[in-house]
Amino acid sequence: MLRRWARDARLSLARLPSFPGLARAPSAPVHTIRELWPGNPDDGALLVTGRFRFENRVYTLDTQDWEHRNLPTAARKWLHGFTWLRDLRALGSDEARLCARAIVASWLDQPPIDPLVLDASATGARIAAWMGHYDFFAASADDAFRQLLMDRVLVEGRLIAALLPLPPNGWQNLTAFKGLLAAAVTIPSQTGFLSRFLRYLDQELEHLLLPDGCVCERSPEAQFQAARELAEMSAIMRMAQMPPAESVTKGLAWICPVLRAMRHADGGLALFNGAVEHDQSFIENVLQQGARQRLLAPAMPDGAFWRLSPGKALLIVDAGVPAPSGYDRMAHGGPLSFEFSYGRQRLFVNCGSAQAGAWEQALRETAAHTTMVLDGRSCVDFGPEGGLSRRPAHVTASHQTQSGAHWLDMAHDGYRASLGATWQRRLYINAEGEDLRGQEVVEGEREVSLALRFHLHPSVEAQLSPDHDEVLMHAGSMIWRFRQENGVLSLEESVYFGGEKPVRTLQIVVTAPKPPEPEPEVEPESEPEAETALEAEPAVEETENVSNETPSDVEATEGEAENTPVEETENAPPAEETESVAPQPAEQAPAPDAVSSVPKKSGRQVIQWVMERVPE
């Protein structure tokens, strides 16, 4: 109660206007800082016409009403953050300069009164954008405009300082700290700004970063954004001729190696939990600003991502419980999903993410990932505030390697509450990275319909064979073959939201429909052998139990796709057991149409699959 009263008192004082002679802001920044990242001149040209683009949709910019209640929340927050000033700067014309000044002036004349005013991350983005582009739109303005702008920066800085410490909000809290730092270096007379920045940033990073350097949101996107925000803080301090804060330097040293590990060889991000690819040069620019050493995280046991890179292949797997409450607004329903690339060619992907519109929720569902879907449901539920209201209680993983080949055993119980079922996934990849196999085991009280989905990158062409027994994939100059057993193979449409625009693509789907309930029959007394023969049908060979131990480290060396993990010979299976550990190839099993349609009494369902490169 006392803490809340003190916070409210600080907010009330922060809102007080500045008067001449009473802690008023200077008429210009004491230290000039500049935005690091390039903008898009095409988007800048659109802004000059009174419109803006967000999530590939064009909206009208109404500078007479900054409430913008008709816009999606994400679009409103982005608009109030003023990061789009970089687009007008990229356009570079006098018209763009005057447009930027006019839009900022309209905001200063009538700032919104909705909750976004108390959103510390939106406020921080706005301060940093204003000061980072000050020389572009404000330096040549009249004295009245410049004084009004600096006075507002002072008030906004006080608001952020009053809100500290911030409630959990993931990487976006770093945007608030960046804005407070920008206010501190441009108005150094406000010594409280810098002291509160240094005091609370350490605490924020302790909450945000896991021991292995992953951000607690468990998202390549959050990893990238956190690295970008810390890189900007480091640059702001250098521009102000200040030594970088130890917490900033240490945070970048933890975050950047993990960010490198979450990239495919094409330079883009893997698409887990709200991520999009991003431009390769943009990511590289962030990494260069953040850390000079090109280090690659050897393992991510706390973030629970597995990165296996035999030969030219790269397999990245999400093998962890979704992010905890308060950090789960980017979380997707994709535990045990994976992405697979060979060289610079992505093959199996997840569908990506959207920040607004009908696709935002659809892309968070389990079906939008390369994973298993039971009974058409997601393994998580989403709450009204955007976080998760239900998630798997346990997600386990264990790893073994021998002679360059890898076995990854995983399981989760996300379907136990709704269907009484658990799912185990075993992945195998050979030392050359050209033979990827999987065994999927669903166990429960009864059999359920299941769909095993493999979303393909849009650059991959795929054809289903006339007999529906295999899919051939043409990826650049390579040909890959996918086969399976115990299911029904099909090729369906999908969508890819990994780039600038959504793109139609395909997905391989292996289904095993729930068998119909048998009608009660009276068996003839003279034919008991039929029932005995069905019950005696050999079961599919079981894999070893999924380990509940903490995932072991996967050693890797620097590089993009040619990193080969160090062999873990202590945990490797004996050489003579290699064939029994790897899932068996599809040709050794009966064709899908040969599977008996009589329902089994067991609730155990098994699908095996193999994806291998066809020799040239």
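Position numbers for residues start from 1 in each chain and track the written sequence from start to end. With the structure being a predicted model, the display of local features is reserved for residues of pLDDT at least 70 and the display and counting of side-chain atom pairs for 80 or more, all residues being used for whole-chain, interface and lining totals. The side-chain values count all of the structure's non-hydrogen atoms but skip hydrogen atoms and water molecules.

Caption draft 1: Representation of the overall build of the protein. Secondary structure counts use DSSP, requiring at least four H or I residues in a row for a helix and at least two E residues in a row for a strand, with both numbered from the N terminus. From N to C terminus, the protein includes 17 helices and 20 strands. Only heavy atoms matter for contacts: two residues are in contact if any of them lie within 4.5 Å across the pair. Within the protein, contacts between residues separated by at least 24 positions form 71% of all contacts whose residues are at least 6 apart in sequence. Of the roughly 27,200 Å² that the protein leaves accessible, carbon and sulfur atoms contribute 51%. Methods summary: accessible areas were calculated by the Shrake-Rupley approach with a probe of 1.4 Å, and residue burial reflects only the protein chains presented.

Caption draft 2: Region of interest: the sheet that holds strand 16 (residues 471-475). The pairing criterion for strands is at least two bridges between them, as found by DSSP. Taken together, the eight strands give an open sheet; going across it, the order is 10-11-12-13-20-17-16-15, and neighbouring strands pair in antiparallel fashion. With partners counted over all chains shown, the strands left at the sheet margins are strand 10 (395-402) and strand 15 (461-464), one partner each. Strand-to-strand twist in this sheet, taken as the mean axis angle between neighbours without regard to direction, amounts to 15°. In terms of strand pairing, strand 12 (residues 421-429) meets strand 13 (residues 435-444) through nine bridges, oriented antiparallel. Following the sheet pairing, T422 is matched in strand 13 by E443. For helices, the axis comes from a line fit to the C-alpha atoms of the stretch in contact; other axes are also lines fit to C-alpha atoms, and the angle between any two N-to-C directions lies between 0 and 180 degrees.

Caption draft 3: Looking closely at unusual backbone geometry. Along the chain, L164 connects to P165 via a cis peptide bond; the corresponding omega equals -5°. Position of P165 relative to the elements: it lies in the loop between helix 8 (143-163) and helix 9 (172-186). Within the chain, N486 stands out as a residue other than glycine whose phi angle is a positive 80°.

Caption draft 4: Geometry of the pattern of salt bridges. Counted as salt bridges are all cases of a side-chain nitrogen of Lys or Arg within 4 Å of a carboxyl oxygen of Asp or Glu. A complete count under the given rule lists 33 salt bridges for this structure. We note a salt bridge from D135 to R89, for which the minimum N-O separation is 2.9 Å. Here R89 lies in helix 4 (residues 85-91) and D135 lies in helix 7 (residues 134-137), a separation of 46 residues in the sequence. The rule is simple: take the accessible area with a 1.4 Å probe, protein chains only, and divide by the maximum for that residue type; under 20% is buried, over 50% is exposed, in between is partly exposed. Judged by its relative accessible area of 32%, D135 is partly exposed. Across the pair K178 and E229 runs a salt bridge whose closest N-O atoms are separated by 2.9 Å. Here E229 lies in helix 11 (residues 220-239) and K178 lies in helix 9, a separation of 51 residues in the sequence. Accessibility classification places K178 together with E229 in one group, the buried group. Because the salt bridges share partners, they merge into one network encompassing K178, R228, E229 and E232.

Caption draft 5: Highlighting the environment of E447. Residue placement: E447 occurs in the loop between strand 13 and strand 14 (450-456). Relative accessible area serves as the criterion here: at 14%, E447 is assigned to the buried category. A sequence separation of 156 residues divides E447 from G603, and the C-alpha atoms of the two residues are 4.7 Å apart.

Caption draft 6: Representation of the packing of helix 6 (residues 120-132) against helix 9 within the structure. Where helix 6 meets helix 9, the axes come as close as 7 Å, and the angle between the chain directions of the two elements is 40°. As far as their axial angle goes, helix 9 and helix 6 are oblique. The way helix 6 lies across helix 9 gives a crossing that is left-handed. For the pair formed by helix 6 and helix 9, the contact residues are A120, S121, G124, A125, I127, A128 and M131 on the first element and Q172, T175, A176, K178, G179, A182, A183 and T186 on the second. Roughly parallel here means an angle under 35 degrees, roughly antiparallel means over 145, roughly perpendicular means 65 to 115, and every remaining angle is called oblique. Should the near helix be turned anticlockwise from the far one by less than a right angle, the crossing is termed left-handed; should it be turned clockwise, right-handed.

Caption draft 7: A look at helix 10 (residues 191-208). Take the residue count of a helix, subtract one, and multiply by 1.5 Å to get its expected span. Here helix 10 spans 26 Å end to end across 18 residues, near enough to the 26 Å set by a 1.5 Å rise per residue. Taken residue by residue, helix 10 has F193, R196, F197, Y200, L201, E204, L205 and L208 as its buried positions.

Caption draft 8: Spatial organisation of helix 12 (residues 246-261). Counted at 1.5 Å a residue, the expected span for helix 12 with its 16 residues is 22 Å, and the 24 Å between its end C-alpha atoms agrees. Of the surrounding elements, those touching the buried residues of helix 12 are helix 10, helix 11, helix 13 (280-290), strand 3 (305-308) and strand 4 (313-318).

Caption draft 9: Representation of the pairing of strand 10. The element strand 10 is largely enclosed, with a buried count of eight among its eight residues. Hairpin remark: strand 10 followed by strand 11 (residues 405-412), antiparallel, with two residues in the connecting loop; positive phi at S403, about 55°.

Caption draft 10: Quick peek at the side chain of H412. One can find H412 in strand 11. Pairs of N or O atoms within 3.5 Å make up the polar contacts considered here, provided that, within protein, one atom can donate a hydrogen while the other can accept it, and that residues adjacent in sequence are counted only when both atoms are side-chain atoms. Within the structure, the side chain of H412 is placed 2.9 Å from the backbone nitrogen of G414, a separation counted as a polar contact. Setting aside its immediate chain neighbours within four residues, H412 contacts P335, L336, C379, P392, H394, V395, T422 and W423.

Caption draft 11: A look at the packing of aromatic side chains. Pairing of aromatic rings covers Phe, Tyr and Trp, the last counted by its six-membered ring, and requires centre-to-centre distances within 6.5 Å; plane angles under 30 degrees mean stacked, over 60 mean edge-to-face, and any other angle means tilted. Under the counting rule described, the total for this entry stands at 25 aromatic pairs. An aromatic cluster is defined as three or more aromatic residues linked by ring pairs; in this entry it consists of W66, F82, W84, W107 and W130. The ring of F305 has R218 sitting right over it, with the charged end atom 4.7 Å from the ring centre. Criterion for a charge above a ring: Arg CZ or Lys NZ at most 6 Å from the ring centre, at most 35 degrees from the ring normal.

Caption draft 12: Layout of the confidence of the model for the protein. In the predicted model, the protein carries a mean pLDDT of 86, and the fraction of residues at 70 or more is 82%. pLDDT gives the predictor's per-residue confidence on a scale running from 0 to 100. For the stretch residues 522-601, pLDDT sits under 50, and the model shows 130 contacts to residues farther than four places along the chain or on other chains.

Caption draft 13: Representation of the environment of G334 in the model. With respect to the element layout, G334 can be found in the loop between strand 4 and strand 5 (338-342). Considering only alpha carbons, one finds G334 and E365, 31 residues apart in sequence, at a separation of 7.6 Å. When near neighbours in sequence (up to four residues on either side) are disregarded, G334 contacts D318 and H369.

Caption draft 14: Molecular detail of the nonpolar core. Ranked by internal contacts, the top residues of the largest apolar core, which has 88 residues, are F82, W130 and F137. If near-sequence neighbours (up to four positions away) are discounted, W130 is found in contact with F82, L85, V104, W107, L108, F137, L149, R152 and V153. Throughout this description, the term nonpolar core refers to a set of buried Ala, Val, Leu, Ile, Met, Phe, Trp, Tyr and Cys residues connected via side-chain atoms within 4.5 Å. In this structure, A313, F348, C379 and M473 belong to the second largest nonpolar core, which totals 52 residues.

Caption draft 15: Layout of the environment of L88. Counting through the fold element by element, L88 comes out in helix 4. Counting along the chain gives 49 residues from L88 to G39, while the straight-line C-alpha distance between them is 7.5 Å. Setting aside its immediate chain neighbours within four residues, L88 contacts G44, L47, V48, A96, C99, A100 and F136.

Caption draft 16: Inspection of the pairing of strand 16 at higher detail. Only one face of strand 16 is covered, namely the face carrying V471, M473 and A475; the face carrying L472 and H474 is uncovered. In this sheet, strand 16 lies alongside strand 15 in antiparallel orientation, the contact comprising four bridges. By the bridge assignment, E461 is partnered in strand 16 with H474. Counting the residues between successive antiparallel strands, the hairpin from strand 15 to strand 16 contains six residues, one of them, H468, with a positive phi of roughly 60°. Pairing of strand 16 with strand 17 (residues 478-485) involves five bridges; the strand directions are antiparallel. Opposite A475, over in strand 17, you have M478 as the bridge partner.

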